[in-house]
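Secondary and tertiary structure notes
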Amino acid sequence: MIECRDIMFRYPGTETPLFDGLDLVIDTPGFHALFGPSGVGKTSLAKIISGDIDNFSGRVKAAGDRPCLYTYNRERLPGWSPVGRHLEKTTPPGRQGLRDELVDHFGLSDLMGMRYSQLSMGQCNRVNLMRYLLQDFSLLIMDESLANVDEPTRQAILYKIKSTFPETGFLYISHNVVEVAQFCDRIVVFRGAHHSPQVRQVCGQNHREERPLDKSALEGTMLEIMNAA
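Rules behind the numbers
Residues numbered from 1 in each chain as written. Predicted model: local features only at pLDDT ≥ 70, side-chain atom pairs only at ≥ 80, totals over all residues. Heavy atoms only, no water. Disulfide = S-S within 2.5 Å. Buried < 20%, exposed > 50% of the residue type's maximum accessible area, 1.4 Å probe, protein only. Helix = DSSP H or I, 4+ residues; strand = E, 2+ residues; numbered from the N terminus. Contact = heavy atoms within 4.5 Å. Pairing = 2+ DSSP bridges. Axes fitted to C-alpha atoms, helices over the stretch in contact; angles between N-to-C directions.

Right, let's get into the state of the cysteines. Taken as a whole, this structure holds 0 disulfides when the rule is applied. You can see Cys4 has no disulfide; the closest cysteine sulfur is in Cys68, sitting 9.8 Å from it. Not engaged in a disulfide, the cysteine Cys184 finds its nearest cysteine sulfur in Cys203; these two sulfurs lie 12 Å apart. The exposure class assigned to Cys184 is buried, which follows from its relative accessible area of 0%.

Here we come to the side chain of Lys42. Tracing the sequence through the fold places Lys42 in helix 1 (residues 42-50). If we ignore the near neighbours within four places in the chain, the residues touching Lys42 are Leu34, Phe35, Gly36, Pro37, Ile173, His175 and Phe190.

Sheets are built from strands paired through backbone hydrogen bonds, the pairs being either parallel or antiparallel. The mixed open sheet is built from 6 strands, whose spatial order is 5-6-7-3-8-9. In the strand order of this sheet, the two ends are held by strand 5 (68-72) and strand 9 (199-203), each with one partner. The sheet shows a mean angle of 20° between the axes of neighbouring strands, direction not considered. Contacts between helix 1 and the sheet are confined to strand 3 (30-35), strand 5, strand 6 (139-143), strand 7 (169-173) and strand 8 (186-190), with strand 5 contributing the most and set at about 145° to the helix. The sheet strands contacting helix 7 (residues 215-228) are strand 3, strand 8 and strand 9, and the helix crosses strand 9 at an angle near 175°.

So this is what it looks like as structure tokens:
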């Protein structure tokens, strides 16, 4: 799905590299995570993969010819626009049925007549994420895209995404170790350029709504993630 080889990157004006020969391969679709403390490069690598950062050395290869999209917390929305009208304009042809389905599952039905400026941050994040899910993409990077959303709603949304897009790739950036351990298939744990290796991969529970959650296995995965960090 995505292959990064020998990635070298430092921010202008800094002497310490953020990535120093970073290698990363994720070769299956599904829900995967980038995890680690602030400042270790999760968002930077996401922007390198999506093409928003291009002043790096190394090679990034993505499967397929569809685009890689990047969505993030607090993304700017047209505050003056009614939500429903904006979604109508940004929904590609043939995706209206999916849009209506996601509006219902994301708990947004009562917001369609409101302007973005009237919504809470969590409501804006839900609408914004839905806009991206309606587009054509091979990989969607979700950078804290469900921040400020209450836990039951966030879990319902993640289950819906996993069931609706089983053959699509997702990279989920979150500081919530419970969440990434429960929902993700592979968790890429960032350790910093001064460590070797710079990242480690942990197998997550990849939980789906239709089967019971093994809490003991979940706790084991969380411990493995923290040890990898």
